[in-house]
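# Analysis of the macromolecular model
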Amino acid sequence: MPVHRGAVWLVQEHMSHLSGGKRGAAFLQGSARLCFLSQNTASQFLIRHRRANSLFEESKKGNLERECIEEVCNKEEAREIFENHPETEYFYPKYVLCLGSHRVGINNHNSGSNIPPDLRTCVTEISNQCTPFPCYKEGSERCVDGQASFECVCKPGWKGKRCEDDINECSDPEYPAGCNQKCHNIPGSFHCSCEEGFFINDNINCIDRDECLLFPSICQHPARCVNTLGMYECRCPPGFKYNFTSRTCDDVDECNTFACDGTCHNTVGSYTCHCDGRQGLQLASDGRYCESIPVCVELNDYKHPEMLYLGEQFAGFPIIYLRFRLPENTKFAAEFDFRTFDPEGVVLYAESSPDSWFMLGLRAGRIEVQFKNQHSYKVTSGGKAINDGQWHVISVDELENSISVKISKEAVMSINSPENLFTSVNGKLETKVYIAGLPNRTDSVIKPINPRLDGCIRGWNLMNQGASGVKEVILEKQSKHCFVHVERGSFFLGVGLAHFKIDYSDSGSWKVDVSMNIRPSSSTGVLFALVYNNTVPLSVAVVTKGEDDANLQVFLDGVSVATVDSLMLCYPDRLMVQLNVTPTHMEITANSSRLSYIESEALLKALEHLNTTMQNPVDTYIGGIPDDIPLPVTPVSAFYHGCMDISINGRQVDFDEALSKHNSIKSHSCPPVSNQGHP
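If you check an unreviewed UniProt entry, the chain appears there as Vitamin K-dependent protein S from Cyprinodon variegatus. Under the Function (unreviewed entry) heading, UniProt states for the chain: "Anticoagulant plasma protein; it is a cofactor to activated protein C in the degradation of coagulation factors Va and VIIIa. It helps to prevent coagulation and stimulating fibrinolysis." Reading the Subcellular location (unreviewed entry) entry of the UniProt record for the chain gives the comment "Secreted".

Here you go:
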């Protein structure tokens, strides 16, 4: 196609530098296009006039207004104006568009309003890249025009190329807000706030509010206000908690917080921990946990499996029953070694029928024989006292017309018996032998006797049959074994007590006189106690003082009123203690001891309360307190472990005469101290 001389050839290649805006669309549409202008118009577009119409025009720096608006500039002249390549490359394609719209006269009226209304505005906006304003208005302060670029200067709290991103000062580590409690982000900024009980000081830091100072009567007496960080406390005395509803100090039940290892007893404003001494436990020094009661004196308590203990059952029933079926002409015979400190009890009882029986016992320490058959009955005693703790050989033989009793081979009794002691049936002599105690028909004896006997036998031969039947019974149960070595006294193993009913009345008043000879083996235990209506008005107990030490204390209604400090406690030797109590006086004495009492006024008040209780029948317990007594009632609940001899109001206590007694208590024998104990 022939081209007119005045035509301008515009191709897309030249326009590739333009931004794809509506201005470009107004001037050039399509990928390649020819625009034909008139000759005069085309000539004017291409004419190059001198700058400033002067001789030295080429030596002057370009001016946009003069060169490209008042005149038409080419690309080289534009480069001289901007003096850098990027700016020129950005400017010139847009400049051509401006010329096409305003000077040459090409305009697309359907292109919208983005094309400035005149050439000057069109051209000047090309070089100022901050127009139209490219930055995010809310986040920017201003726009700085650059070389084919721009820079948005952000307001505080904003970031991003166009300042379009809000800075979260509450979480952005590069822009920390600095709030020391609560932080709240807002567009372009943030604000700090405080927890309840604080106030903001410098828009950043929170300061505690002293409610106690601001509100002096915020807590009701006896509680006092204590300021804490962010709040306050109405602090009650120990053991109480403030009730904000009633504004009172209420008792705290510490027992609901597992304050004790053993039994917890809540009191007003406090609590106490208790350990059941009846289980062998005592309260540790921390006042909370339980620990085993220590043994402070070791005993030589070895038992021999072939020595039969006769006092196993407090009920007084026999501990062994043997039955012999022998020829009718067989005579009764028994021989054994015997040892005891007990003055009274039954050694053996034999019978062939309810009306034909024989009993060998001890009364006042001497041998006693009672027998009855179809021909006669007799009660005979004789010989020396043998309750000396030594072994004695006892033999009983039925002879032709008499019964012979010997001690250590020496005859002490010869009792006439005109006929056979037992009656045979059908040519056979059937004899039942009961060792230690009486069978159920205790009323069959001629002279009443206490059947309980604390003693031992060994080397027995019954009915000339040797030890047949007895040895096997002993071996199967350790409670039937006897201590190899014993001494005089009553022994408490620490697992039980004895119960007595004793009258303490004295000429219209009352008195309690207790004499004790004791040797504790464990450092805690109740020796003597009076009990009334589940209370313990009076008690005497050994109390742990240290790992290998103890003292003796007297308690009135659970309060210690007297203390005996003695080196003889937890020691191989025995301690003699004497306690005297009347309605107005109490005194305790002990050998080699130091005594102390509470103040006299408090003691008299305690005795006054005891006097009121003693107007009623009381129960006497030795060696402990019963299981139904609540632990908080008495500071010591442990059973006594050790040896004891005790007299009450001038009478020696025989534990075989108790209303009840634990089978572990040995009434008249006590194992000695081990050689490995104290020096």
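Moving on from the model shown.
The next point concerns the confidence of the model for the chain. Averaged over all residues, the pLDDT of the chain equals 84, while 87% of them reach at least 70. Across the chain, strand β44 (residues 619-622) holds the top mean pLDDT of 98, while strand β1 (residues 8-11) sits lowest at 33. The low-confidence segment residues 1-37, where pLDDT is below 50, has 54 contacts with residues more than four positions distant or belonging to other chains. When the criterion is pLDDT under 50, residues 108-113 qualifies, and its contacts beyond four places in sequence or with other chains add up to five contacts.

What follows deals with the side chain of Ser404. By the secondary structure assignment, Ser404 is in strand β27 (residues 402-407). Ignoring sequence-local partners within four residues, the contact set of Ser404 consists of Ser395, Val396, Asp397, Leu399 and Met413.

Remark: helix α5 (residues 75-82) packs on helix α6 (residues 85-102), axes separated minimally by 9 Å, with the N-to-C direction vectors making an angle of 130°. Judged on the interaxial angle alone, α6 and α5 are oblique. In the crossing of α5 with α6, the sense of the turn from one axis to the other is right-handed. Of the residues in α6, those touching α5 at Lys75, Ala78, Arg79 and Phe82 are His85, Glu87, Thr88, Glu89, Phe91 and Tyr92. The class makeup of the residues in the contact of α5 with α6 is four nonpolar, two polar and four charged.

This part covers the environment of Ser424. Looking at the element boundaries, Ser424 is found in the loop between β28 (410-416) and β29 (428-435). For the pair Ser424 and Ser353, spaced 71 residues apart in sequence, the C-alpha to C-alpha distance is 9.6 Å. Once residues within four sequence positions are removed from consideration, Ser424 is found in contact with Glu328 and Leu429. Polar side-chain contacts of Ser424 include one of 3.3 Å to the side chain of Glu328.

We now examine the sheet that holds strand β19 (residues 303-309). In sheet architecture, strand pairing relies on hydrogen bonds along the backbone and comes in two forms, parallel and antiparallel. Taken together, seven strands build an open sheet; the order of strands is β28-β27-β26-β21-β30-β19-β31 and the sheet is antiparallel. In this open sheet, the two strands that pair with only one neighbour each are β28 and β31 (481-483). Here the strands of the sheet are splayed against their neighbours by 40° on average, with no regard to which way each runs. Sheet analysis places strand β21 (residues 333-340) next to strand β30 (residues 455-462), joined by six bridges and oriented antiparallel. Bridged to Ala334 within β30 is Leu462.

About the cut-offs
Residues numbered from 1 in each chain as written. Predicted model: local features only at pLDDT ≥ 70, side-chain atom pairs only at ≥ 80, totals over all residues. Heavy atoms only, no water. UniProt positions renumbered as here; feature names shortened; annotations may be inferred. pLDDT = per-residue confidence, 0-100. Helix = DSSP H or I, 4+ residues; strand = E, 2+ residues; numbered from the N terminus. Contact = heavy atoms within 4.5 Å. Axes fitted to C-alpha atoms, helices over the stretch in contact; angles between N-to-C directions. Parallel < 35°, antiparallel > 145°, perpendicular 65-115°, else oblique. Left-handed = near helix turned anticlockwise from the far one by under 90°. Nonpolar A, V, L, I, M, F, W, Y, C, P; charged D, E, K, R; others polar. Polar contact = N/O pair within 3.5 Å; in protein donor to acceptor, adjacent residues only side chain to side chain. Pairing = 2+ DSSP bridges.

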